[in-house]
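Coordinates in review
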Amino acid sequence: MLTEIAENLYRKTVPLPNNPLRDINVYIIKGDPEAQDAQGRRNLVIDTGFNRPECEAALKEAMEELGITETDIFVTHLHSDHCGLVPKLKTDNSIVYAGETDGELINFEAGNLYWSILDDMFLKFGFPKAQFGRNTDIHPGRKYVHDRRIEFTYVNESDVLEYGGFRLRPVLTPGHTPGHMCLYDEEKEILFCGDHILGTITPNITIEICSLNPLKDYLDSLQKVRKLSVKTLLSAHGTFVPDMYERIDELKRHHEERLNEAESIISDAYKNAYETARDMTWEIDCRNWDEFPAPQKWFATGEAISHLQYLHSVGRAERREVDGIYVYRKIHLNN
């Protein structure tokens, strides 16, 4: 479905087949074909969808409907549902923007070394290789990653991107990924927030290459965008979020509850992140942990890692290495 949000601004819901997220909101800013300057005629697509035919067909259908034959692209972060289609969408005239941290990781993840390193990181936190083989073989992002290197134009917070009457300033918001970026139009009070703030689900917060305390980064980034004046929040997944500030408060409460839950689980014995995830509560249509699909066990373990790492960083949990695996136990201050 193609929806007009404002003048020159459209949202295309691109399907993500066989994925719990179901779809991604891709935002398209249409340039003015009658504009006298070349920049005013350029279009911008924010995020893309997986590198798979269904995503490509849906996005190109939207572009055809809008009369767009080529476009510039802004990638909010490294996950494949946001950057997978870039090589197939861009033309020789396209500018592809990203923050440098995630841009470098995006090109790194197109090869096997990235996934091998990520694999080893999860093994270190207790994800069982014997049960799943190479862990990233079950990761949906690996299946639909882009298939060749992307030549990025890196941006930072001092830049302004002008498209279709919008003046967009990149805002660095690490947490969901190490270099996640939003786009903010101060005059229109619009924030394109990628996966930083979602309305129907909580963004997955997990370790990444070069990010071992992502929950701290994420909470800091929530506080950062809370200082912006935002009337319209445009998220990459789910439904419209009517009040960004209320949603930020909900997300902060959610993570404090999860921290308390994780702390309780490791109160009496050392546990690794996989064991902690097994004992946490999850909103999923499964009767027990054994019924969790393998990819969901991966994401749940990643969430447990981020909360255990945060507890360790603030002195609420002890971490030890046992047989090459990190295990955690609550620090009892009265002992």
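A brief look at the structure comes next. (Residues numbered from 1 in each chain as written. Predicted model: local features only at pLDDT ≥ 70, side-chain atom pairs only at ≥ 80, totals over all residues. Heavy atoms only, no water.)

The final tally for this structure, using the stated rule, is two cavities of 30 Å³ or more. By volume, the largest cavity is sized at about 50 Å³. At the level of secondary structure, the elements contributing two or more residues to the lining of the largest cavity comprise strand S3 (23-29) and strand S12 (232-235). The element that contributes the greatest number of residues to the lining of the largest cavity is S12, accounting for three residues. Of the voids in this model, the second largest cavity is the one considered here, and its volume is about 30 Å³. Forming the boundary of the second largest cavity are Asn25, Tyr27, Ile46, Asp47, Thr76, Phe192, Cys193, Gly194, Leu234, Ser235 and Ala236. At the level of secondary structure, the elements contributing two or more residues to the lining of the second largest cavity comprise S3, strand S11 (190-194) and S12. Residue contributions to the lining of the second largest cavity peak at three residues, all from S11. Split into classes, the residues belonging to the lining of the second largest cavity amount to six nonpolar, four polar and one charged. (1 Å grid on protein atoms, 1.4 Å probe; cavity = no way out; pocket = protein on both sides within 12 Å on 5 of 7 lines; lining within 4 Å. Points joined across faces, edges and corners; volume = space filled by probe spheres on them. Helix = DSSP H or I, 4+ residues; strand = E, 2+ residues; numbered from the N terminus. Nonpolar A, V, L, I, M, F, W, Y, C, P; charged D, E, K, R; others polar.)

With that settled, consider the environment of Glu151. With respect to the helices and strands, the residue Glu151 is situated in the loop between helix H8 (140-143) and strand S7 (153-155). Exposure remark for Glu151: the relative accessible area of 56% places this residue in the exposed category. (Buried < 20%, exposed > 50% of the residue type's maximum accessible area, 1.4 Å probe, protein only.)

Here we come to the nonpolar core. Soluble globular proteins: nonpolar side chains tend toward being buried together. Formed by 77 residues in total, the largest nonpolar core has its most connected members in Val75, Leu191, Ile197 and Leu233. If you tally residues by element for this core, the top one is helix H12 (residues 294-313), at seven residues. Filtering out sequence-adjacent residues up to four positions away, Ile197 remains in contact with Pro203, Leu222, Val225, Leu233, Ser235, Met244, Arg247, Ile248 and Leu251. Counting 17 residues, the second largest nonpolar core, distinct from the first, contains Ile29, Met181, Ile190 and Phe192. (Core = buried A, V, L, I, M, F, W, Y, C linked by side-chain atoms within 4.5 Å. Contact = heavy atoms within 4.5 Å.)

Here the focus is the sheet that holds strand S10 (residues 181-185). Sheet architecture is open: five strands sit in the order S8-S9-S10-S11-S12, paired in mixed fashion. This sheet does not close on itself; its edge strands, each paired only once, are strand S8 (161-163) and S12. Put simply, the sheet's adjacent strands are angled 25° from each other on average, direction ignored. (Pairing = 2+ DSSP bridges. Axes fitted to C-alpha atoms, helices over the stretch in contact; angles between N-to-C directions.)

Our next topic: helix H9 (residues 214-226). An α-helix turns once every 3.6 residues. As a result, residues three or four positions apart point the same way. With 13 residues, H9 ought to run about 18 Å at 1.5 Å a step, and its terminal C-alpha atoms sit 18 Å apart, in line with that. Looking only at H9, the buried set comprises Pro214, Leu215, Tyr218, Leu219, Ser221, Leu222 and Val225. Seen end-on, H9 carries its buried residues on one side only, within an arc spanning 160°. The elements touched by buried residues of H9 are strand S9 (166-172), S11, helix H10 (244-265) and H12. (Expected span 1.5 Å × (residues − 1). Arc of directions from axis to C-beta.)

Remember that the coordinates give geometry; whether it matters functionally is a separate question.
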